[in-house]
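Inside the fold
Below, each chain spelled out in residue letters.
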Amino acid sequence: MADKADVWQGTLALMVLKTLETLGPLHGYGIARRIEQTSAHHLSLNYGTLYPALLKLEQEGYVTSEWGVSDNNRKAKFYRLTRAGRKQLEKEAREWERTTAILARFLTPGEEAP
Amino acid sequence: MRALRAWLLRLGASLSGRARRSDVADELNSHLAFHIEDNIRAGMSPAEARRVALLKLGGFSQTAEAIREQRALPFFDTLRQDLVYAVRVLRRNRAFTTTAVVTFALGVGANSAIFSIVNAILLRPLPLAEPSQLVMIFATEARRSLQFDGVSYPAFIDWQEQNRSFESMAAFANRDLPLGTSDEVVVARGKVVSANLFDVVGVQPAIGRAFREWRPQSADVVILSDGFWKRHFAGSPSAIGQTVRIDERPHTIVGVMPPRFTLDGDSEEFFQPLGLDTNRNRGFLRTVGRLRPGVTLEQARDDMSAITRRLERLYPDSHAGVGANLVPMADAVARRVRMGLLTIMSVVGVVLLIACANVASLLLARGATRQQELALRAALGAGRLRLVRQLLTESAVIAAAGGALGLLVAHWTASALAAAVADQFRVPGIQSVRTDGMVLLFTIGVSVAAGLGFGVAPAFACLSKDPNDRLREASRSATARRAPRARRGLVIAETALALALLVGGGTLIKTFLKLRSTPPGFNSASLIKADLSLPLPSFWQLDTRVGFYQAALQRVRSLPGVRAAAFVSILPLNNRNNTESFHIVGKADPSPTRGFNAVFNMASAGYFRMMGIPIRAGREVEERDAAGAPDVAVINEAAARAFWPGESPLGRQIVLPINDEASQILTVVGVVGDVRLASLGILPRPEIVVSPMQSRLRGSSTTIVAQTEGDPKALAAPLRAAVHSANPLVPISLIATVDDVVSNSIVEPRLYATLLGAFALLALVLACVGLYGLIAYSVSQRRHEFGVRVALGAAQSTIVRLVVGEGLHLAAAGVGIGLVVAAAATRLLVGLVVGVEPQDPVTFAAVTFVLVAATLLATYIPARRAARVDPIAALRDE
């Protein structure tokens, strides 16, 4: 297996938002696992970096948090996407697609390429 | 927006300390529990499961710290800790904190108080439209060194038509006239203004209309001030169209200006349209112009000087040597107080410097006693910058507390000070001195700057040494050490500055005392005066005027308690200095275009005897010099010296032009002593006095003076009644004792002497506190040394001499520097008050003596303490 990629700065927030959109309210550990699973374990996520990122999203008003009880009856803090968070997700996803499209065009061998 | 919201949330968390109390640990524990559970399910042992989960998290406390940092702002978090700590430390050292805060508050308070006055007068824009584009244009006359002279009506029209720099130009002149409504007649402050004036300054009447272009047949109209309208017409709009009598002629009210409108701070009550005046020699107008957009003041100056040069060629008789002086309107209206205010502002700036030096010195001293604490904190891992930051936070707390206290001081003193001087300084804005946003901003700015100024150096100085050295040194507390060089330098600088201020204050006080003891040339005791304003239309003829003079004199003289009475047109010390041109029979004029110049005054019979002005030769004006008798003149000694040097002026004749056609021939019958006619600080000028019963010069303002047997104040009401009974149409503008006239004439020098003296005294006290603190510190540091000396047999007086010597040493250095600074600085006072003698050796000597005496006192107290050191106790401390 190739070296695991580190999570890029800035993309973590996008992944968190997308995860919450897909799965609904979820606790930190669940989000972390989901990100790892979705990336088919190609991403190496240091779980410790997730919590400041979640707090930042909360301060920006994109998610809210609330203590609750998990399926296996364990107390956990659940994060939920807000309306502003949903909008932000759409915006960032669009931007991300544009960026990757541009990069893809750069990296595909072109006619003028020597 | 989102980022700001997040930042504010974090700031709030920092300041409230909420970041500390949070559920971070709970959340992380919950996270670990999930992870461990999963790991165990995957087949790990519980210990292994825990280890892996922690590893994947990146450490429990590290993660918790990362979350806390995201939760709050680390900068403000530290700031809050530092603040809490600083307040605790400062509260523990009450004496230090009080001294530092009070010292700083005095410095800041003095600055903010003076700044609120400067702000109101010099900085706040005039209540006119775009006042920065308004420029006042004065005439200058090099020969008489006039910089702010008036311009004649024809010259104003020339300026207005020929200039290319101004959008528009208007002219105005002061005109204090009897203003009569249905209920009373008062002398009101007014202005005649060119019809376009309100357009030029961009303020229109609040109700009614402005003036139309003046024509010879124009009806008499007037625009009233808001205040006059409210007082006399109860603020009713129906006042428009009604009439008031100005100088007895009915004028129709066409408009009322908005509240608080004033052209140049004169609190005008009415405005009249400016009529035509063809005399090029009557320079009575002041001119204001609005610069065209994009035209600089310099360009306008060039433009105007081209015009004045052209006028000089065209009209050499009236315009020779006449130029134009362009001054921004805001500067022009505040010109009389500008220099005084800026002087006082710099003085309080110096006081603040001294206060800062004091606080810095205190901080240095405290830093020295805190070496152990700081060394310990450094040894426990606090970085250098972290410690500097802590110390700076303490300075900031002192600065903030001092600044806040200073603002209170300023708030209380500034408006009281302004109210006290408002009558003397008629400038716009003085009524509206208040603690506004600008003052607040200034105080904060000054406090921050000064706080940094006194805080930074001591903070770094405290940490300049290796912590190991400091720990070691701090434990060797009894090492004989003198105060550090930095503190000694600060105290020397303080002493020097205080000395310079004391010399400045001393110079002004001496000037004031000299003015006060200047013999005015007359005796002001038991005299009371009433200023009258003759409505000229009814007093146009000489015999009407004479009739009134005689009736009034007769009634006043018959009042019980009145010994004598006389009319005079210029009472001494009245700040006026107008001269008239005349010729001398048998002598050639000094120049082909101009005659001799002297102040012309009118005084009725017995005036000089009553005023105690000595008669040097011949006689004074007497009753026999009535209308019809030969016209006589009495001259002062200055005139005798100037016009008839080495010969007797008695019997000589002079020719006084009355108007273009007529002139009057006067025979000199006497010479009287010189009096200070303009002010105590101005030497007497040649003066020619004629009898009001004979004079054909028409002046509307005159003064009746009465000599009383008892208290002259008691005569105020009877005097008013007597003048009224002689003619009820003559308004009285002011009744005052001549003693008051004399003391009012030196109000301004007294104000400056008081202010500068008070601030210099404050500076002296602050400098002494600084010196005292330094010597007391030095004594405490050398306690061991003194113990040894006493044990070895040193007398108490030796110790006292030793300590006082150290203080005097510093003071001497300060005095040396201060004298040099003062020698340069007192020159600046020359333009401020008439009669200042800079670099006066007596003042310098006296001030140095005061300073050295104060220094001795400040060092003697700690010296006594040093001498009483118990050698056993001092050595046992070791």
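Residues numbered from 1 in each chain as written. Chains lettered and ligands numbered in written order. Predicted model: local features only at pLDDT ≥ 70, side-chain atom pairs only at ≥ 80, totals over all residues.

**With respect to the overall build of chain B**
For clarity, the cut-off: A run of H or I in DSSP counts as a helix once it spans at least four residues, and a run of E counts as a strand once it spans at least two, with each numbered from the N terminus. A radius of gyration in this sense is built from C-alpha atoms; the matching globule rule multiplies 2.2 Å by the number of residues raised to 0.38. In this scheme every C-beta is placed from the backbone, and a residue whose C-beta has 20 or more other C-beta atoms within 10 Å is buried, one with 12 or fewer is exposed, and one in between is partly exposed. Here contacts are defined at the residue level, using C-beta atoms placed from the backbone and a cut-off of 7 Å between them.
Along the backbone of chain B there are 28 helices and 22 strands. Taken over the C-alpha trace, chain B has a radius of gyration of 38 Å; the compact-globule value for 878 residues is 29 Å, which it surpasses by more than 25%. For chain B, the spread of C-alpha atoms along the three principal axes comes to 135 × 80 × 55 Å. Out of the 878 residues in chain B, the part that is buried amounts to 44%. Counting only contacts in chain B whose residues sit at least 6 apart along the sequence, the fraction spanning at least 24 positions is 83%.

**Thoughts on the overall build of chain A**
Broken down by element type, chain A carries four helices and five strands. Tracing chain A from N to C terminus, the helices and strands come up as β-α-β-α-β-α-β-β-α. Partitioning the contacts of chain A with sequence separation of at least 6, the portion at a separation of at least 24 is 50%.

**Structural notes on the domain arrangement of chain B**
Note the cut-off: In this entry, domain limits derive from an automatic or database-based domain assignment.
Entries for chain B in the domain assignment read domain 1 (93–130 + 337–476), domain 2 (144–320), domain 3 (486–519 + 745–878) and domain 4 (536–730). Once you take the C-alpha centre of each, domain 2 of chain B and domain 3 of chain B turn out to be 55 Å apart.

**Some thoughts on the interface of chain B and chain A**
The cut-off we apply is this: Under the convention adopted here, Pro, Cys and the residues Ala, Val, Leu, Ile, Met, Phe, Trp and Tyr are nonpolar, Asp, Glu, Lys and Arg are charged, and Gly plus all remaining residues are polar.
Contacts between the two partners involve 21 residues from chain B and, on the opposite side, 16 residues from chain A. For the side of chain B that touches chain A, the secondary-structure elements that each account for two or more residues are helix H1 (2–16), helix H2 (24–41), helix H3 (46–57) and helix H4 (60–71) of chain B. Grouping the constituent residues of the side of chain B that touches chain A by class yields seven nonpolar, eight polar and six charged.

**A few points about the sheet that holds strand E22 (residues 732–737) of chain B**
Residue and element names in this part refer to chain B. For the record, the criterion: Strand pairing is assigned whenever DSSP identifies at least 2 bridges connecting the two strands. As a rule, the C-alpha atoms of each element are fitted with a line to give its axis, helices using only the stretch in contact, and angles between N-to-C directions run from 0 to 180 degrees.
The four strands are arranged E13-E21-E12-E22 in an open sheet whose pairing can be described as antiparallel. Of all the strands in the sheet, just strand E13 (562–568) and E22 have a single pairing partner and so form its edges. Each strand axis lies, on average, 15° off the axis of its neighbour in the sheet, ignoring direction. Where E13 and strand E21 (residues 701–708) come together, six bridges link them in antiparallel fashion. Bridging from a neighbouring strand, Ala564 pairs with Gln707 of E21. Across the face of the sheet, helix H22 (residues 716–726) comes into contact with strand E12 (527–533), E21 and E22 while running at roughly 35° to E12.

**Overview of the confidence of the model for chain B**
Should pLDDT be low for a region, the predicted coordinates there are not to be read in detail. The criterion, for reference: Per-residue confidence from the predictor is given as pLDDT, running between 0 and 100.
On average, residues of chain B score 85 in pLDDT, and 95% of them are at 70 or above. Model confidence for the complex is summarised by a pTM of 0.72, with the ipTM given as 0.86.

**Points about the sheet that holds strand E2 (residues 26–27) of chain A**
Residue and element names in this part refer to chain A. Taken in spatial order, the three strands line up as E2-E5-E4 in an open sheet, and their pairing is antiparallel. The two strands at the open ends of the sheet, each matched to only one other strand, are E2 and strand E4 (63–69). Summarising the sheet, E2 and strand E5 (residues 75–81) pair through two bridges and their orientation is antiparallel. Looking across to E5, one finds that Leu26 is bridged to Tyr79. In this fold helix H3 (residues 47–59) packs onto E4 and E5, with an angle of close to 120° to the strand it touches most, E4.

**Examining unusual backbone geometry**
Even without glycine at this site, Asn73 of chain A takes up a positive phi of about 65°. With 6 C-beta atoms counted inside 10 Å, the residue Asn73 of chain A sits in the exposed group. Backbone geometry at Arg260 of chain B places phi at a positive 65°, although glycine is not the residue there. Within the fold, Arg260 of chain B resides in the loop between strand E8 (249–256) and strand E9 (270–273).

**Details of the pairing of strand E1 (residues 134–141) of chain B**
Residue and element names in this part refer to chain B. Counted residue by residue, E1 has six buried out of eight residues, so it is predominantly covered. Looking at chain direction, E1 and strand E10 (residues 286–291) are connected through four bridges and run antiparallel. Within the sheet, the bridge partner assigned to Ile137 lies in E10 and is Thr287. Direction of pairing for E1 relative to strand E11 (residues 322–328): antiparallel, over a ladder of seven bridges. Paired with Ile137 across the two strands is Leu326, which belongs to E11. Summarising the sheet, E1 and strand E2 (residues 146–149) pair through two bridges and their orientation is antiparallel. Considered in E2, the bridge of Glu141 is made with Leu146.

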